[in-house]
Amino acid sequence: MESTMSIVKSTMKYADVNLGFVEGVLNKLGGIEGAERFLRGEFILTQSSVVLCIVDGNAEPLLQKGCIIVEHDKQGNLTLKREGDNLLVNGRKIEFYLSEDQQKGHSISGYKLQKELAMKPVLNSNLLDGLLANPELIPESYKKDADGETRLIYFWGTVYRTSSGFLCVRYLYWGNGEWRWSNRWVGGDWFYNQPAALLAS
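Residues numbered from 1 in each chain as written. Predicted model: local features only at pLDDT ≥ 70, side-chain atom pairs only at ≥ 80, totals over all residues. Heavy atoms only, no water.

*Asks:* Hey, could you go over the pairing of strand E5 (residues 86–89) for me, with residue numbers and the actual values?
*Replies:* Pairing of strand E4 (residues 77–83) with E5 involves four bridges; the strand directions are antiparallel. The residue bridging Leu-80 from the neighbouring strand is Val-89, located in E5. Counting the residues between successive antiparallel strands, the hairpin from E5 to strand E6 (residues 92–97) contains two residues, one of them, Asn-90, with a positive phi of roughly 50°. (Pairing = 2+ DSSP bridges. Helix = DSSP H or I, 4+ residues; strand = E, 2+ residues; numbered from the N terminus.)

*Asks:* A description of the side chain of Arg-151 should follow, citing residues and the corresponding values.
*Replies:* By secondary structure assignment, the location of Arg-151 is in the loop between helix H5 (125–133) and strand E8 (153–154). Despite its burial, Arg-151 remains without a salt bridge, the nearest opposite charge being carried by Asp-145 at 5.7 Å. A polar contact is formed between the side chain of Arg-151 and the backbone oxygen of Lys-144, at a distance of 3.0 Å. In contact with Arg-151, not counting residues within four places along its chain, are Phe-96, Ser-141, Tyr-142, Lys-143, Lys-144, Asp-145, Leu-172, Tyr-173 and Asn-193. (Buried < 20%, exposed > 50% of the residue type's maximum accessible area, 1.4 Å probe, protein only. Lys, Arg positive; Asp, Glu negative; His and termini not counted. Salt bridge = Lys/Arg side-chain N within 4 Å of Asp/Glu carboxyl O. Polar contact = N/O pair within 3.5 Å; in protein donor to acceptor, adjacent residues only side chain to side chain. Contact = heavy atoms within 4.5 Å.)

*Asks:* Let's hear about the environment of Ile-68: which residues, and what values?
*Replies:* Positionally, Ile-68 belongs in strand E3 (residues 68–72). Sequence-distant contacts of Ile-68, defined by excluding residues within four places in its chain, comprise Leu-63, Tyr-160 and Arg-161.

*Asks:* Mind laying out the packing of aromatic side chains, listing which residues take part and the relevant values?
*Replies:* According to the stated counting rule, one finds seven aromatic pairs in the structure shown. Consider the rings of Tyr-154 and Trp-190, whose centres lie 4.4 Å apart with planes at 65°: the pair is edge-to-face. With Tyr-154 in strand E8 and Trp-190 in strand E12 (residues 189–190), this residue pair connects regions lying 36 residues apart in the sequence. Comparing Tyr-154 with Trp-190, the two get one shared label, buried. Joined through ring pairs, the aromatic side chains of Tyr-154, Trp-156, Tyr-171, Tyr-173 and Trp-190 make up one cluster. Taking NZ or CZ as reference, Lys-143 lies 3.8 Å from the ring centre of Trp-174, over its face. Above the ring of Trp-190, the side-chain terminus of Arg-184 is found at 5.5 Å from the ring centroid. (Phe/Tyr/Trp six-rings, centres within 6.5 Å; stacked < 30°, edge-to-face > 60°. Lys NZ or Arg CZ within 6 Å of the ring centre and 35° of its normal.)

*Asks:* So what's going on with H5? Which residues, and what values?
*Replies:* Taken across its nine residues, H5 has seven buried, putting it largely inside the fold. When we look at burial in H5, the residues that qualify are Ser-125, Asn-126, Leu-127, Leu-128, Asp-129, Gly-130 and Leu-131. The residue sitting at the N-terminus of H5 and contributing the capping side-chain oxygen is Asn-124; that oxygen lies 2.9 Å from the backbone nitrogen of Asn-126.

*Asks:* Could you give me a rundown of the pattern of salt bridges, with the residues and numbers involved?
*Replies:* Between side chains of opposite charge, a pair can form as their charged atoms come close. The tally for this structure, following the rule as stated, stands at five salt bridges. Of the charged contacts, one joins Arg-170 and Asp-129 as a salt bridge, the two residues approaching to 2.9 Å between their closest N and O atoms. On the criterion of sequence distance, the pair formed by Arg-170 in strand E10 (residues 167–175) and Asp-129 in helix H5 is long-range, its members being 41 residues apart. For the pair Arg-170 and Asp-129, one class covers both residues: buried.

*Asks:* Any details on a nonpolar patch on the surface? Residues and values, ideally.
*Replies:* Together, Tyr-111, Phe-166 and Trp-185 line one region of the surface with nonpolar side chains, adding up to about 320 Å² of accessible area. Mapped onto the elements, Tyr-111 comes out in helix H4 (residues 110–117). By relative accessible area, Tyr-111 is classed as partly exposed at 39%. (Patch = residues over 30% accessible without salt bridge, like charges linked within 9 Å, V, L, I, M, F, W, Y side chains within 5 Å. Areas by Shrake-Rupley, 256 points an atom, 1.4 Å probe, with all protein chains shown as cover.)

*Asks:* Could you give me a rundown of H4, with the residues and numbers involved?
*Replies:* Of all the residues in H4, the buried ones are Gly-110, Leu-113, Gln-114 and Leu-117. Projection of H4 onto a plane perpendicular to its axis shows the buried side chains occupying an angular sector of 105°, all on one side. At its buried positions, H4 is contacted by E3, E6, strand E7 (108–109), strand E9 (158–161), E12 and strand E13 (196–199). (Arc of directions from axis to C-beta.)

The structure is reproduced here in structure tokens:
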């Protein structure tokens, strides 16, 4: 009598595939969650130098319990494409914006910076979450600025109020060997290593 495995193999399209091979493919796709995103068409593999994924920029942003959305710039489907050390969103590069007041060691009030950014193509925090879910997309250069300081990359397209009543913006940063996120009170002072993520013109 044939074993159960032999019967299963005889009905498979790829009869020579073994569990080690399947595990290797799943690892390349980022585990079960990555494979599910791939099957849903949210994550696309191309040649090794190019990686793609699609983020729903219209979706409700992920917020901690008790937080309330104050501003959320819906941005449609965002196709993220990594080419070498460049990250493109819908074919446009992401650039890091610093107010003139943030440069040369100075700082700016967050409220003043918010007004300055009002008419600029800031990106929302859905993109931040897309990058955290697909860290292979994030260029190495995002970790530190030209002075070797850790970059805190802010996504001003989503502003929310915490359960304590503070207006906050989320940011992406590299810490303890992995990509992480945190948030900052809008009313604080913003420094030279705290750029806003914008779409390049």
